[in-house]
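Each chain, letter by letter, is given below.
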Amino acid sequence: MTPTKPVYRAAWITGASTGIGRALALELAERGTNVAISARHADQLDAVTAEAQGKPGRIIALPLDVTDQAAVQLAAGATEQAIGPLDLVVANAGISVPMAGTLVDAKKFRTLFNVNVMGVVHVLEAVVPSFVQRRAGHLAVVSSVAGYRGLPTAAPYCASKAALIALCESLKVELDAAGVKIQVVNPGFVRTPLTEKNAFRMPFLLEPDDAARRLYAGLVSDRFEVTFPKRFTRLVKLMSLLPYPVYFALMRRLVAKRTPVHAEER
Ligand SMILES: NC(=O)c1ccc[n+]([C@@H]2O[C@H](COP(=O)([O-])OP(=O)(O)OC[C@H]3O[C@@H](n4cnc5c(N)ncnc54)[C@H](OP(=O)(O)O)[C@@H]3O)[C@@H](O)[C@H]2O)c1
């Protein structure tokens, strides 16, 4: 599979040392895109870079912490210098920390919001001006179906992911008018380091490579929301439309059964 003209010439993905981001970077390189990948662990990024040897597109590693606003600005510039003007940026870096609802912990909220929300904001701040100037470019923000509605034991994670969905909705109309494409990506369960410790059955669990192929198909579509696997995410969306009494009754049953209800709660 080597298209003569890749859809994307240059892409930047944060959180691409493992999991969904790593698989997407390799998928894009396979399709001829040059990809800059970022995360904190340089050794893991280098391993992904090595895996891309021989693919039509190359992968370069740009280690950074997305909570460091200045580092993200610098990396955006370095990325463009290394692989040319970006036409795709995937703000994917994210973490999860569980929290009992009876033990509200500001530190956990701060940590989650710094990475999951402010990390994305830093990336957008760094790349949107040049996209607007060029009236071109494509932004994809990785949120989660956990952002559709609050789930027990996961208040910081759900709140951070709900914030990302609202953020993308807010930006959409103005970025459209400025010639910039924005999408929000809401995956279901994917087997990654983030979910690997989950001791419960994860329905419709996808392998990262499969998730990356579905994500790529979503990126090249005109849809604002990219979500997969559809059979699961449609159910979760339906659940999010339930009236509060019905929704909370359902959540109470899940809590009573001690069934973890959130894929990324560990
Ligand atoms: N797996 C799922 O079922 C699922 C479902 C819905 C949504 N998601 C979302 O998908 C995204 C990717 O998650 P994943 O499942 O692929 O998990 P993962 O394999 O743990 O990947 C997370 C990535 O983010 C990086 N990262 C974490 N903190 C960072 C920071 N402060 N600065 C820069 N990079 C950072 C990690 O690398 P370093 O540790 O080296 O920094 C890693 O590359 C996340 O936003 C997650 O919320 C996942």
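I will try to describe carefully the structure that is included in this document.

What counts, and where the lines are drawn
Residues numbered from 1 in each chain as written. Predicted model: local features only at pLDDT ≥ 70, side-chain atom pairs only at ≥ 80, totals over all residues. Heavy atoms only, no water. 1 Å grid on protein atoms, 1.4 Å probe; cavity = no way out; pocket = protein on both sides within 12 Å on 5 of 7 lines; lining within 4 Å. Points joined across faces, edges and corners; volume = space filled by probe spheres on them. Helix = DSSP H or I, 4+ residues; strand = E, 2+ residues; numbered from the N terminus. Nonpolar A, V, L, I, M, F, W, Y, C, P; charged D, E, K, R; others polar. Core = buried A, V, L, I, M, F, W, Y, C linked by side-chain atoms within 4.5 Å. Buried < 20%, exposed > 50% of the residue type's maximum accessible area, 1.4 Å probe, protein only. Contact = heavy atoms within 4.5 Å. Salt bridge = Lys/Arg side-chain N within 4 Å of Asp/Glu carboxyl O. Pairing = 2+ DSSP bridges. Right-handed = clockwise from strand over helix to strand, strands pointing away. Axes fitted to C-alpha atoms, helices over the stretch in contact; angles between N-to-C directions. Expected span 1.5 Å × (residues − 1). Arc of directions from axis to C-beta.

## Focus: the layout of surface pockets
Then comes step 1: Size it by volume and the largest pocket reaches roughly 820 Å³.
Then comes step 2: If you list the elements that add at least two residues to the lining of the largest pocket, you get α1 (19-30), α4 (106-134) and α5 (155-177).
Then comes step 3: For the lining of the largest pocket, the leading source of residues is α1, giving three residues.
Then comes step 4: Residue composition of the lining of the largest pocket, by class: 15 nonpolar, 19 polar and five charged.

## Quick word on the nonpolar core
Then comes step 1: Grouped together as the largest cluster of nonpolar side chains are 39 residues, with contacts concentrated most on Trp 12, Leu 86, Val 89, Leu 124, Val 127 and Leu 139.
Then comes step 2: Only β1 (10-14), α3 (69-83), β4 (88-91), α4, β5 (138-142), α5, β6 (181-187) and α7 (230-240) provide two or more residues apiece to this core.
Then comes step 3: Tallying contributions element by element places α4 first for this core, with eight residues.
Then comes step 4: Leaving out residues up to four positions away in the same chain, Leu 139 has contacts with Val 89, Leu 124, Val 127, Val 128, Phe 131, Leu 175, Val 180, Lys 181, Ile 182 and Gln 183.

## Considering the side chain of His 122
Then comes step 1: Checked against the element boundaries, His 122 lands in helix α4.
Then comes step 2: Beyond its immediate sequence surroundings of up to four residues, His 122 is in contact with Val 66, Thr 67, Asp 68, Gln 69 and Val 72.

## Quick word on the pattern of salt bridges
Then comes step 1: Throughout the structure, instances matching the rule amount to nine salt bridges.
Then comes step 2: Of the charged contacts in the structure, one is a salt bridge between Lys 55 and Glu 30, with a shortest N-O distance of 2.8 Å. Of this pair, Lys 55 sits in the loop between α2 (42-51) and β3 (59-61) while Glu 30 sits in helix α1, placing them 25 residues apart in sequence.
Then comes step 3: Given the relative accessible area of 25%, Lys 55 is considered partly exposed.
Then comes step 4: A salt bridge links Glu 207 to Arg 191, with the shortest nitrogen-to-oxygen separation between them at 2.8 Å. Taken together, the residues span a long stretch of sequence, with Glu 207 in the loop between β6 and α6 (208-219) and Arg 191 in the loop between β6 and α6 at a distance of 16 residues.
Then comes step 5: Since its relative accessible area comes to 36%, Glu 207 is described here as partly exposed.

## As for the pairing of strand β2 (residues 34-38)
Then comes step 1: Where burial is concerned, most of β2 is hidden: four out of the five residues are buried.
Then comes step 2: Here β1 runs beside β2; their pairing, made up of five bridges, is parallel. Its bridge partner being in β2, Trp 12 is matched across the sheet by Ala 36.
Then comes step 3: You can see the chain leave β1, run along α1 and come back into β2, and the turn it takes is right-handed.
Then comes step 4: The pairing of β2 with β3 spans three bridges and is classified as parallel. From the neighbouring strand, Val 35 faces β3, where its bridge partner is Ile 59.

## Quick word on the sheet that holds β4
Then comes step 1: The sheet built from seven strands is open, its strands ordered β3-β2-β1-β4-β5-β6-β7 with parallel pairing. Unpaired on one side and paired on the other, β3 and β7 (225-228) mark the two borders of the sheet. The average angle at which neighbouring strand axes cross in this sheet is 20°, direction not considered.
Then comes step 2: Each of β1, β2, β3, β4 and β6 touches α1; the most contacted strand, β1, lies at about 170° to it.

## A look at α3
Then comes step 1: With 15 residues, α3 extends 21 Å between its outermost C-alpha atoms, agreeing within 8% with the 21 Å of an ideal straight helix rising 1.5 Å per residue.
Then comes step 2: Looking only at α3, the buried set comprises Val 72, Ala 75, Ala 76, Thr 79 and Ile 83. The buried side chains of α3 occupy one side of the element, clustering within an arc of 105° when seen end-on. Exposed and facing more than 90 degrees away from the buried side of α3 are Leu 74 and Gln 81.
Then comes step 3: In the core, the buried residues of α3 are packed alongside β1, β2, β3 and α4.
Then comes step 4: Just downstream of α3, Gly 84 is the residue with a positive phi angle, here 95°.

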